[in-house]
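A structural walkthrough
The primary structure of each chain is shown beneath.
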Amino acid sequence: MAVALAVGDGTLKVGATIPRGFYRTMSPRIREILFLDEQDKREPAIDSEIQAVSIGPVAFVSIPGELFCPLGRRIKRAFPFPVASVVTRPNKTFGYLPTAEAFVVGGYEVRFGRPS
């Protein structure tokens, strides 16, 4: 992720020496983006577990995040059971799991943050 930050009249570019105390003056959102960029370099992928259990005609699917409704509906339709229930955030959670369309619309759910 390339980051360029405006500093006074100039621009601080990635790889430039960050002036002493500059980090404290950045907005919390910029600090969060820089933190997530470093975290992504250390751990680019996260292993997760998705579980499915059926009891008679009922199926339960657990997803470690909060699904947007269209994704949950797709999962329910894909199961060959009369009743399917999607259980979100059963153990560890990875934040919101939006659809591709949600990124176009925007909003807090699709912004990158520590829990998402």
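The structure we're discussing is the one just above.
Residues numbered from 1 in each chain as written. Predicted model: local features only at pLDDT ≥ 70, side-chain atom pairs only at ≥ 80, totals over all residues. Heavy atoms only, no water.

Another point: the overall build of the protein chain. For the protein chain, the helix and strand inventory stands at four helices and seven strands. Secondary structure of the protein chain in N-to-C order comes out as β-β-α-α-β-β-β-α-β-β-α. Across the 116 residues in the protein chain, those meeting the buried criterion constitute 22%. A sequence separation of at least 24 residues applies to 51% of the contacts in the protein chain between residues at least 6 apart. A total accessible area of about 8700 Å² is found for the protein chain, and carbon and sulfur atoms account for 58% of it. (Helix = DSSP H or I, 4+ residues; strand = E, 2+ residues; numbered from the N terminus. Buried < 20%, exposed > 50% of the residue type's maximum accessible area, 1.4 Å probe, protein only. Contact = heavy atoms within 4.5 Å. Areas by Shrake-Rupley, 256 points an atom, 1.4 Å probe, with all protein chains shown as cover.)

Take unusual backbone geometry next. Unusually for a residue other than glycine, arginine 89 sits at a positive phi of about 55°. On the secondary structure map, arginine 89 appears in the loop between strand S6 (83–88) and strand S7 (96–97). On the basis of relative accessibility, which here comes to 46%, the residue arginine 89 falls in the partly exposed class.

So, about helix H2 (residues 28–42). Here H2 contains 15 residues, and its C-alpha end-to-end distance of 21 Å stays within 8% of the 21 Å for a straight helix at 1.5 Å per residue. Those residues of H2 that sit buried are Glu32, Leu36 and Asp37. One side of H2 holds all its buried residues, which, seen down the axis, span an arc of 140°. Exposed residues pointing more than 90 degrees away from the buried face of H2 are listed as Lys41 and Arg42. (Expected span 1.5 Å × (residues − 1). Arc of directions from axis to C-beta.)

Once that is clear, we can look at the sheet that holds S6. The mixed open sheet is built from three strands, whose spatial order is S3-S4-S6. Each edge of the open sheet is held by one strand with a lone partner, namely strand S3 (51–55) and S6. For this sheet the average axis-to-axis angle between neighbouring strands, irrespective of direction, equals 20°. Where helix H3 (residues 69–78) meets the sheet, its contacts fall on strand S4 (58–63) and S6, and the angle it forms with S6 comes to roughly 140°. (Pairing = 2+ DSSP bridges. Axes fitted to C-alpha atoms, helices over the stretch in contact; angles between N-to-C directions.)

Let us look at the side chain of threonine 99. Along the polypeptide, threonine 99 turns up in the loop between S7 and helix H4 (100–105). The class for threonine 99 is buried, based on a relative accessible area of 10%. Dropping the residues within four chain positions of it, threonine 99 is found in contact with Phe68, Pro70 and Leu71.

Enumeration according to the criterion identifies one salt bridge in this entry. One salt bridge in this structure joins arginine 89 and glutamate 66, with 2.9 Å as the shortest N-O distance. With arginine 89 in the loop between S6 and S7 and glutamate 66 in strand S5 (residues 66–67), this residue pair connects regions lying 23 residues apart in the sequence. We classify glutamate 66 as partly exposed; its relative accessible area is 28%. (Salt bridge = Lys/Arg side-chain N within 4 Å of Asp/Glu carboxyl O.)

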